[in-house]
Amino acid sequence: MKTVTVNIVTPDGPVYDSEVAMVIAKTVSGEIGVLPGHIPMVAPLSIGAVKLKKEDGSQEVVAVSGGFIEVRPDKISILAPSAEEAASIDIARAKEALARAEQRLQKKQDDIDFKRAELALKRAINRISVHEGN
Ligand code: ATP
């Protein structure tokens, strides 16, 4: 088995569906690289980039904002609250979200606002970095 089908799905619909040679994803306990034929597993994801290595050596990157990765030998499903391919990221929107989150974090209101702002900051930084190809 040289490739595995990868689906990335959000509540708004499917974002990515392709055959890949390897998936690199950031789980809450660290980065994992998954090859075709992997034993079944489920892991929660951090806000981060999912790297999809194609058989021809090229790579596609999708920004995901958490969720879960479910691995089966012939299929990998990623269910995320939101996900965007690099090309569909609105960079101006991400920069505005980053500035808003930074302002909120400077105010340091109650704990819940702080956590929300921190997550918004991470999502914005992730989108900017995926868009810029880092
Ligand atoms: P914002 O404050 O700009 O809405 P957010 O991090 O709160 O950012 P999310 O709640 O993660 O946004 O996503 C809401 C929807 O908007 C999702 O469908 C997501 O894919 C989309 N989205 C958010 N930011 C961007 C962006 N910079 N470019 C493209 N789509 C985006």
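Described below are features of the structure shown in this document. It should be emphasised that the depicted structure is a prediction, and the values quoted were computed from it without experimental measurement. (Residues numbered from 1 in each chain as written. Predicted model: local features only at pLDDT ≥ 70, side-chain atom pairs only at ≥ 80, totals over all residues. Heavy atoms only, no water.)

Near the ligand you find D12, S82, E84, S88, I89, D90, R93, A94, A97, R100, R123 and R127, and these make up its full shell. Between the ligand and the protein, one listed contact pairs an oxygen atom with a side-chain N or O atom of R100 at 2.6 Å. The contact in question runs from an oxygen atom of the ligand to an N or O atom on the side chain of R123, over 2.6 Å. Burial of the ligand by the protein amounts to 69% of the accessible area it has alone, namely 580 Å². (Near = heavy atom within 4 Å. Polar contact = N/O pair within 3.5 Å; in protein donor to acceptor, adjacent residues only side chain to side chain. Areas by Shrake-Rupley, 256 points an atom, 1.4 Å probe, with all protein chains shown as cover.)

So, on to the side chain of T27. Tracing the sequence through the fold places T27 in strand β3 (residues 22-27). By relative accessible area, which is 6% here, T27 ends up buried. (Helix = DSSP H or I, 4+ residues; strand = E, 2+ residues; numbered from the N terminus. Buried < 20%, exposed > 50% of the residue type's maximum accessible area, 1.4 Å probe, protein only.)

Remark on secondary structure: sheet strands pair via backbone hydrogen bonds, oriented parallel or antiparallel. Ordered in space as β2-β1-β9-β8-β5, the five strands form an open sheet in which the pairing is mixed. Here the strands that pair on one side only, and so sit at the sheet edges, are β2 (13-20) and β5 (41-44). The mean angle between the axes of side-by-side strands here comes to 15°, regardless of whether they run parallel or antiparallel. With seven bridges connecting them, strand β1 (residues 4-10) and β2 associate as antiparallel partners. (Pairing = 2+ DSSP bridges. Axes fitted to C-alpha atoms, helices over the stretch in contact; angles between N-to-C directions.)

All chains considered together, the criterion is met by two salt bridges. Across the salt bridge formed by E60 and K54, the nearest N and O atoms sit 3.6 Å from each other. Ionic pairing is found between E84 and R127, a salt bridge with its closest N-O pair at 2.8 Å. Residue E84 is located in strand β10 (residues 83-85), and its partner R127 is located in helix α2 (residues 111-131); the two are separated by 43 residues in the primary sequence. (Salt bridge = Lys/Arg side-chain N within 4 Å of Asp/Glu carboxyl O.)

Taken in spatial order, the five strands line up as β4-β3-β6-β7-β10 in an open sheet, and their pairing is antiparallel. In this open sheet, the two edge strands, each paired with only one partner strand, are β4 (30-34) and β10. Strand-to-strand twist across the sheet, computed as the mean angle between neighbouring axes with direction ignored, equals 20°. With three bridges connecting them, β3 and strand β6 (residues 47-53) associate as antiparallel partners.

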